[in-house]
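Spelled out from the first residue to the last, the chains are:
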Amino acid sequence: MPPLYKALLFCGVVGSLVLALFVGYLSLRSITPAADASLARYPDIIQMEWRKRSRTEKESRERALATARECVANGERYCLMENFPAALREYTKAVTLDGANLQACLEVGRVAWHLGDRTAALQGWQKAITLNPLAASAHGGLFEVYQGGSEKDRQRAFRHALTLMVLSPHRTATREFVVLNPEIARQIQLVADDADEPLVETDQRKLLTTAWQALPKHDSRTADTCFARVLVLRLAAAKKPATP
């Protein structure tokens, strides 16, 4: 092949390659703005999905709370019919759906104790106390559970009885239990005596709240210090002469 033809063929091949690259470049430029726009909208898409998911979770939560309230109402109807096993199932379902439903927790304890289910009764009343440390009916139920048990159970019963002396002073059984168990009172007082600083708080309900909040954290020292202070205040009040 003559040199001229070779040169023309080479120029044609190189020109085709350059043209193909130029066309590809133009195509890429036409696509890039759309891609840039999608990337620019990406945060908005994420925010829209997050709002949608939050709305869905809120709606699910509201449905669960509404169903829990219905279960409590069903439990009350079953109790009126004296169908206590069905009532316990409804109250337990309510607690499962709404763990902050104090009424459902109290009813689980009450109905379970009526049916002889000690474990379920303990769980219901103990859960109620975590929600409200001053729930008198829960303390009353737990006092009934523990008062006739082992030495450790009697120590638990003493704390509930002391609490009820403040919350329900008309209960004679709890007051008598405290009076008839001075050895448990001494044990609590020994813990209080080891405290770094003596308590001067006089609000007995505040002291009891602190005590019952400390026990689940296994902070028995703080709890018994508060119980001992309440005991001192109750005894001091009992020694005061009646106002004419």
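Throughout, a residue's number is its position along its own chain's written sequence, starting from 1. Owing to the predicted nature of the model, reporting of local features is limited to residues with pLDDT of at least 70; listing and counting of side-chain atom pairs is limited to 80 or more, with chain, interface and lining totals taken over all residues. In computing side-chain properties, one takes all heavy atoms of the structure into account and sets aside hydrogens as well as water.

Caption draft 1: Spotlight on the packing of helix α2 (residues 84-97) against helix α3 (residues 102-114). Across the interface, α2 lies against α3 with an axial gap of 9 Å and an inter-helix angle of 150 degrees. Accordingly, the angle class assigned to the pair α2 and α3 is roughly antiparallel. As for how α2 packs across α3, the hand of that crossing is left-handed. Facing α2, whose interface residues are Phe84, Leu88, Tyr91, Thr92, Ala94 and Val95, α3 presents Ala104, Cys105, Glu107, Val108, Val111, Ala112 and His114. All axes are obtained by fitting lines to C-alpha atoms, using only the stretch in contact for helices, and the reported angles, taken between N-to-C directions, cover 0 to 180 degrees. Counting from the N terminus, the helices are the DSSP runs of H or I reaching at least four residues and the strands are the DSSP runs of E reaching at least two. Roughly parallel means an angle under 35 degrees; roughly antiparallel means over 145; roughly perpendicular covers 65 to 115; every other angle is labelled oblique. The crossing is said to be left-handed when, going from far helix to near helix, the turn is anticlockwise and less than a right angle, and right-handed when the turn is clockwise. Only heavy atoms enter the contact rule, under which two residues are in contact if any of them lie within 4.5 Å.

Caption draft 2: A look at the packing of aromatic side chains. Only rings of Phe, Tyr and Trp enter the pairing, Trp through its six-membered ring, and a pair is recorded when the two centres are within 6.5 Å. The plane angle decides the type: under 30 degrees is stacked, over 60 is edge-to-face, the rest tilted. This structure, assessed with the given rule, holds 3 aromatic pairs. A ring pair is formed by Trp113 and Trp125, whose centres lie 6.3 Å apart and whose planes are at 55 degrees; its orientation type is tilted. Within this pair, whereas Trp113 is found in helix α3, its partner Trp125 is found in helix α4 (residues 118-131), the two being separated by 12 residues in sequence. Each residue's exposure class comes from its accessible area (1.4 Å probe, protein chains only) as a fraction of the maximum for that residue type: buried when under 20%, exposed when over 50%, partly exposed otherwise. Overall, the relative accessible area of 36% leaves Trp113 in the partly exposed class. Ring plane angle 85 degrees and centroid distance 5.3 Å describe the contact between Phe143 and Phe177, whose orientation is recorded as edge-to-face. Linking Phe143 in helix α5 (residues 136-146) with Phe177 in helix α7 (residues 172-179), this pair joins segments that are 34 residues apart in sequence. Assessed through its relative accessible area of 2%, Phe143 is described here as buried. Residue classification places Phe177 among the buried residues on the basis of a relative accessible area of 10%.

Caption draft 3: Molecular detail of the nonpolar core. Among buried residues, those of type Ala, Val, Leu, Ile, Met, Phe, Trp, Tyr and Cys that are joined through side-chain atoms within 4.5 Å constitute a nonpolar core. Residues Tyr91, Trp125, Ala138, Phe158, Leu208 and Phe227 are the most contacted members of the largest nonpolar core, which totals 54 residues. Residue contributions to this core peak at 8 residues, all from helix α6 (residues 151-167). Not counting the four nearest positions on each side in its chain, Ala138 is found in contact with Leu106, Trp125, Ala128 and Ile129.

Caption draft 4: Just unusual backbone geometry, in detail. You will see that Glu82, though not glycine, has its phi angle at about 60 degrees, which is positive. With respect to the helices, strands and loops of the structure, Glu82 is situated in the loop between α1 (3-80) and α2. For Glu82, a relative accessible area of 62% gives the class exposed. In this model, His218 sits at a positive phi of 60 degrees, which is unusual for a non-glycine residue. Relative to the helices and strands, His218 resides in the loop between α9 (204-214) and α10 (220-239). Using a relative accessible area of 74% as the deciding quantity, one classes His218 as exposed.

Spatial relationships are all this shows, so hold off on functional conclusions.
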